[in-house]
Structures are given as C-alpha cells and as structure tokens.
Amino acid sequence: RFEGLGKFSSSMAHNIRNPLGSLLNSVELIKKSNLDTPLNKETARMERSIKRISHQIESILTFVNNTPLNLHSVMLLDILHNAVDMLTLPKNIDLHIPDDDQNINVECDNKKMEFVFYNLLNNAVQAIGHNQGRIVVRIRDEDVETGNKNGTVILEFANSGPSIPSHVLPHMFDPLFTTKKEGTGLGLTYCKNIVKLHKGRITTSNQNGLVLFSIYIPKTQTFSSTDARGVVRRV
Ligand SMILES: Nc1ncnc2c1ncn2[C@@H]1O[C@H](COP(=O)(O)OP(=O)(O)OP(=O)(O)O)[C@@H](O)[C@H]1O
Ligand SMILES: [Mg+2]
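Residues numbered from 1 in each chain as written. Chains lettered and ligands numbered in written order. Predicted model: local features only at pLDDT ≥ 70, side-chain atom pairs only at ≥ 80, totals over all residues. Heavy atoms only, no water.

Visitor: Explain the domain arrangement of the protein chain residue by residue, including any values.
Guide: Per the domain assignment, the segments of the protein chain are domain 1 (2-64) and domain 2 (70-218). Facing 7 residues of domain 1, the contacting portion of domain 2 comprises 8 residues. Carbon and sulfur atoms supply 69% of the area that domain 1 and domain 2 bury against each other, a total of about 710 Å² over both sides. One can count 1 salt bridge joining domain 1 with domain 2. Between Glu 182 and Arg 52 there is a salt bridge whose closest N-O contact spans 3.0 Å. Summed over the shared surface of domain 1 and domain 2, the result is 1 residue pair in polar contact (both at pLDDT 80 or more). When its residues are assigned to classes, the side of domain 1 that touches domain 2 shows 2 nonpolar, 4 polar and 1 charged. (Domains from an automatic or database assignment. Contact = heavy atoms within 4.5 Å. Buried area = accessible area lost by both parts, 1.4 Å probe. Salt bridge = Lys/Arg side-chain N within 4 Å of Asp/Glu carboxyl O. Polar contact = N/O pair within 3.5 Å; in protein donor to acceptor, adjacent residues only side chain to side chain. Nonpolar A, V, L, I, M, F, W, Y, C, P; charged D, E, K, R; others polar.)

Visitor: Give a description of the packing of helix 4 (residues 110-128) against helix 6 (residues 187-197) that names residues and reports values.
Guide: For the pair helix 4 and helix 6, interaxial distance at closest approach is 9 Å and the crossing angle is 145°. Judged by the sense of rotation from one axis to the other, the crossing of helix 4 with helix 6 is left-handed. Listed contacts from helix 6 to Lys 112, Phe 115, Val 116, Asn 119, Leu 120 and Asn 123 of helix 4 are Gly 187, Leu 188, Tyr 190, Cys 191, Ile 194 and Val 195. Here the contact of helix 4 with helix 6 is composed, by residue class, of 8 nonpolar, 3 polar and 1 charged. (Axes fitted to C-alpha atoms, helices over the stretch in contact; angles between N-to-C directions. Helix = DSSP H or I, 4+ residues; strand = E, 2+ residues; numbered from the N terminus. Left-handed = near helix turned anticlockwise from the far one by under 90°.)

Visitor: Can you tell me about the packing of helix 3 (residues 76-86) against helix 4, naming the residues and giving the values?
Guide: Running from N to C, helix 3 and helix 4 point in directions that differ by 55°, and their axes come no closer than 8 Å. It follows from the interaxial angle that helix 3 and helix 4 lie oblique. For helix 3 against helix 4, the interelement crossing comes out right-handed. Residues Leu 76, Ile 79, Leu 80, Asn 82, Ala 83, Val 84 and Met 86 of helix 3 pack against Asn 110, Met 113, Glu 114, Phe 115, Phe 117, Tyr 118 and Leu 121 of helix 4. The residue inventory of the contact of helix 3 with helix 4, partitioned by class, reads 11 nonpolar, 2 polar and 1 charged. (Parallel < 35°, antiparallel > 145°, perpendicular 65-115°, else oblique.)

Below, the structure is given as structure tokens:
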C-alpha cells in the first residue's frame, strides 16, 4: 500500500512541479519589468510562496525516489565537497572540513549520500541562524581507532547553535516531524533510510555544547544473494 502511495505522490509532485516552474518564471519577468512599483512587494511575496511549495515538492520527490543503490567506489571528501557546493553558506558560519590526509575510500551510492550530507549541513545552517557559528565535519576510521578490522568509517557533523530539547530528540528522524515553519520533516527521515540501505546507522546527541550527528557506514558493501536484489554495483 505504501508503494502505491509513493507512486501517487511522486506523479502528483511531478505534475505540480512544471506549472510551478512556469509561475516562477512569470513572477521573475514581472519583477524585471516593474522596477520600483508597489507591485514589488506582491511579487516578492509570490516568489517566496512559490519557493516554499517548491521545497515541499522537491522533498517529496527525493523522499519517494526509492531507486536501488547505485554503488561506486568514491572518496568521502569528494562527496562532501559536492554537498557543500549545493549549500548556500552564510558569512556568519565557519565551515571546517577534514584535510585531504583524512580522506577515506568507501563504496556507496555517492549521489544519495551527497544528499544525506547536504541535509545535515543544511539543518546545521538553519539551526545556527543569524548568530555567529560553526560547523565541523570529521572523518574517523574506526579500524585505526580501535585496532579492530570491522571496516567502519564514522562521519561526524557537529554544529554550534541551540542544543536539541529532550522532547524533540526522540522524534527527529520521524517522517513529517518538523519544528520549522517551512520544513517538510522529511530531511532526516531520508538520511536515516539511505544510511540504513548502506547497512549503516545514524545517531544524534548534544555534546559539549554542540549538536552532533554521527553516520556509521561500512567501507565496503557486502550483499547476500537475497539483498543483492535491486543493487547495481559499479566499481
Ligand atoms: N542540527 C540541528 N540542530 C537542532 N535541531 C535540529 C538539527 N537538525 C534537525 N533538527 C530538528 O529535527 C527536525 C527534523 O529535521 P528534518 O531535517 O527531518 O526536517 P526539517 O529540517 O524540519 O524540514 P526540511 O528538511 O524539509 O527543511 C527539525 O525540524 C529540527 O527541529
Ligand atoms: Mg532538514
């Protein structure tokens, strides 16, 4: 039943997306031809509303896109840099990214993982808001740290900003849970689903005054014959 619902929302989202694009184009044209008229306030309001609907539509489309994992052997920092490129980073936020010598090769669906990283970074930017703040990303190799050979890499996203209230903490990954006026509450659910598909896990906590998200993923993906179904492996 859920699959049917996914297809339904996906086709609906696609059908809304195109006319929405035309609306946005028209508003932009009106804006250009009516410089400094009282209409400007209205067109700005229209533009904001269209962008708000657009965010909801894009989130639904990303969320219901349950195409199989498309596995590649990639460097984690490459995925991270692509995610950062998608982001609009305000000047009040310092972003610290690991150096090249911390880079680790992993086998994953880089496009989906890129969107996971983007969601976490974007949440961090929104949490910091207009205050001075920082986002720190770290890559940790569990094998090096523990001397074990379980092949897990840990990716940490820490941000300054208000710590997560205890009543919010248990619900953050729930579908449609949001504390934001314009949020869909699908971002973290998407992150959790994608990490789970990679046989990993994602956790969050308040730590030393920072909000911390940790992603644990295996460096290589091993699939039994049953779960190899639908997985495309290109190394
Ligand atoms: N870095 C963070 N610091 C504090 N709270 C956070 C952080 N990231 C997420 N949250 C909380 O978890 C909730 C769910 O996040 P999620 O990304 O799923 O949805 P959203 O950000 O509200 O909406 P959308 O992702 O569609 O913009 C947020 O509304 C917020 O309350
Ligand atoms: Mg979000």
